[in-house]
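# Architecture at a glance
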Amino acid sequence: MPASSIDKEMVEKLKGLAQQNGLYICGAKVRRSSSRFCLGVEHGDYNGTELFGVATDRFIWMAYKPNGTDKIKLFSGNFPDDGVIEFKLGDVPEPKSAAISETWGRFPYGIDYILRREGYQLKQGIDGVIYGNIPGGGMSRSASLSLNLILSLLEANGIEIEDKMTVVDLAQAVENDYIGSPCGKLDQIMILFGRESMGTYYNPAKRSVDYVQLGACATDFRIVVLDTGTVRPGLEKSTYKIRRGECEELVSILQKANYDISCLADIKDEALYEKIMAEFGESYPDLCDRLKYIYASQNRFYKMLEAWKAGDIETVGRIFREDGTGLRDDYKISGAELETMCDIVRTVPGVLGERMLGGGDKGASGALVRSESVEAVQRAVDTGYPRSCPEFADKYAVHICKVVDGIRIYEGLL
Ligand code: GLA
């Protein structure tokens, strides 16, 4: 696969970082892992819904090479103050311990820990250098990093895992069990399976992935990410964790009342939904609001998928917008700056839909925009956002994204 000019630029950067930090990557491979954009159901993964999304062209690049020892040595150009993360395989801090909370080293530590726990014997250390341009919050930087490290370490150790869903599970376990982030599987699936020009459809009942060709639309459109410049703390410290807990609580209340469900996605039937809302709406209004979003969004999901297949981007945009209203008003997972971005772009002609993205509270919003309106969106954000959120005036960014392969490997660049 030929490297693009940004790939080549990043490889030069990695070369410089390696030299400055005494790491040896001459002849190394480069693995590029993408970000992701969820098209539905946002917050559906841990509620058991089907999922649809794409891999987008903001990336993490990692150059790595076996170093003939049992030591891992890694440097990240995004966290230079952490210096070189160095450890002997099998010798990492305890999961969720204080020692790991402030360093990005928790990702490689966690990967060593989880791979070992799951019976994959890592013996071969690597030297590696990492740099990425994925903004934090909303575009899945952590899943991208976890996958990149897992795939690179497995490869350097000659371990092949045929079932890609197993790799998804491992990456999720690193975040859930080692780092302590309660994330679902959405991010890992959309990155690991992501293909250029394709939407990835995931069915949890079968643990299967299918693809929908994008770009058959009569209207030329762009996926735009509106990074608010805010920093979101880990999901474990966010509203995310509370929402997950609420959804689980409602499932357990319903099970005790003899409803035969195992997750909120099981409430698909309208009569069942109405019955539950009538019975529990008054006693558990907040929990029922969460269900309201999941139920409505899951219903819209099938229409959205059909609209993608038919190339009807106007309908896709309208559903994306409706999801945003539900996430804001019923699921209550958005944040002030995220909604400011949405309010700004909603009024720009040619914006088909907009909503908050990802974990919630902070981070990025997203929009589906007619190609000819992208500049107008940029101008509207440049004018409106610094005025409304002056503290983030030099931190926000507008990313016009392409749909790309989630994972690529380059050889012969170093
Ligand atoms: C975060 C989590 C995902 C998913 C999304 C919301 O990105 O990591 O598992 O729950 O939020 O859709």
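Higher on the page you've got the structure.
Residues numbered from 1 in each chain as written. Predicted model: local features only at pLDDT ≥ 70, side-chain atom pairs only at ≥ 80, totals over all residues. Heavy atoms only, no water.

## Some remarks on the overall build of the protein
The line we're drawing: Secondary structure elements are taken from DSSP: a helix is a run of H or I of four residues or more, a strand is a run of E of two residues or more, and numbering for both begins at the N terminus. Throughout, the radius of gyration refers to the C-alpha atoms, and the reference size of a globule is 2.2 Å times the residue count to the power 0.38. Contacts are assigned to residue pairs that have any heavy atoms within 4.5 Å of one another. The protein chains shown are the only cover counted for residues, whose accessible areas, like all others here, come from Shrake-Rupley with a 1.4 Å probe. All tallies of charge rest on Lys and Arg as positive and Asp and Glu as negative; His and the ends of each chain are not included. All charge positions are set by atom: Lys at NZ, Arg at CZ, Asp at CG, Glu at CD.
In terms of helices and strands, the protein carries 11 helices and 12 strands. Expected size for 414 residues packed as a compact globule is a radius of gyration near 22 Å; at 21 Å, the protein falls within 12% of this value. If one aligns the C-alpha atoms of the protein with their principal axes, the spans along those axes are about 65 × 50 × 40 Å. Of all intrachain contacts in the protein linking residues separated by at least 6 positions in sequence, the fraction that spans at least 24 positions is 74%. Of the roughly 16,900 Å² that the protein leaves accessible, carbon and sulfur atoms contribute 48%. In the protein, 50 side chains carry a positive charge and 61 a negative one; their mean positions are 3 Å apart.

## Details of the pairing of strand β7 (residues 208-213)
Rules: One requirement defines pairing of two strands: DSSP has to find at least two bridges between them.
In terms of strand pairing, strand β6 (residues 198-203) meets β7 through 6 bridges, oriented antiparallel. Residue pairing across strands places G199 opposite V212, the latter belonging to β7. The turn joining β6 and β7, which pair antiparallel and follow one another in sequence, is formed by 4 residues; a positive phi near 50° is taken by R207.

## Description of the nonpolar core
One broad rule of soluble globular proteins: the nonpolar side chains tend to lie buried together. Operational definition: For the purposes of this section, nonpolar cores are sets of buried Ala, Val, Leu, Ile, Met, Phe, Trp, Tyr and Cys residues that join through side-chain atoms within 4.5 Å. For each residue, the accessible area found with a 1.4 Å probe, counting protein chains only, is set against the maximum for its type, and the residue is called buried under 20%, exposed over 50%, and partly exposed in between.
F37, L39, F52, L291 and W308 are the most contacted members of the largest nonpolar core, which has 105 residues in total. If we skip the residues at most four places from it in the chain, L39 touches F52, G53, V54, M304, W308, F320, D323, R355 and L368.

## Describing the pattern of salt bridges
As a reminder, the rule being used: When a carboxyl oxygen of Asp or Glu is within 4 Å of a side-chain nitrogen of Lys or Arg, the pair counts as a salt bridge.
On inspection of all chains with the given rule, the structure shows 30 salt bridges. Across the salt bridge formed by R116 and D112, the nearest N and O atoms sit 3.2 Å from each other. Residue R116 and its partner D112 are located together in helix α2 (residues 106-117), separated by 4 residues, close to a single helical turn. A residue is classified by how much of its surface remains accessible, and D112, at 1% relative accessible area, is buried. Two residues, R300 and D323, come together in a salt bridge whose shortest N-O distance is 2.7 Å. With a gap of 23 residues between them, R300 in helix α8 (residues 285-310) and D323 in helix α9 (residues 313-329) connect regions that are remote in the sequence. Take R300 and D323: they sit in the same class, and that class is buried.

## Some details on the side chain of D57
Spelled out, the test is: N or O atoms closer than or at 3.5 Å make up a polar contact, with two conditions inside protein: a donor-capable atom paired with an acceptor-capable one, and, for residues adjacent in sequence, both atoms drawn from side chains.
With respect to the element layout, D57 can be found in strand β2 (residues 51-66). Taking the relative accessible area as the measure of exposure, D57 reaches 17% and is therefore buried. Only 2.9 Å separates the side chain of D57 from the backbone nitrogen of K402, close enough to count as a polar contact. If we ignore the near neighbours within four places in the chain, the residues touching D57 are S35, I400, C401, K402 and V404.

## Notes on the site of the ligand
Operational definition: We call a residue near a given molecule or strand whenever any one of its heavy atoms falls within 4 Å of it. Residues are sorted three ways: Asp, Glu, Lys and Arg are charged, Ala, Val, Leu, Ile, Met, Phe, Trp, Tyr, Cys and Pro are nonpolar, and all the rest, Gly among them, are polar.
The immediate surroundings of the ligand are formed by 13 residues, with E42, H43, D45, D187 and Y240 found nearest. One of the side-chain nitrogen or oxygen atoms of R36 is found 3.0 Å away from an oxygen atom of the ligand. The backbone of H43 places a nitrogen or oxygen atom 2.7 Å from an oxygen atom of the ligand. Contact with the protein chains removes 96% of the 310 Å² of surface that the ligand exposes when unbound. Tallied by class, residues from the shell around the ligand come to 5 nonpolar, 4 polar and 4 charged.

## Topic: the sheet that holds strand β9 (residues 351-356)
Keep this limit in mind: Comment: axis = line fitted to C-alpha atoms, over the contacting stretch for helices; angle = value between 0 and 180 degrees taken between N-to-C directions.
As summarised here, the arrangement of the 4 strands in space is β9-β10-β8-β11, forming an open sheet in which the pairing is antiparallel. The open sheet is flanked by β9 and β11 (397-401), the only strands paired with a single partner. If you compare each strand with its neighbour and ignore which way they point, the axes differ by 20° on average. Pairing of β9 with strand β10 (residues 364-370), which is carried by 5 bridges, proceeds in the antiparallel orientation. Counted as the bridge partner of R355 is G366 from β10. Against the sheet, helix α11 (residues 374-388) contacts β8 (221-227), β9, β10 and β11, and its axis sits at roughly 15° relative to β8.

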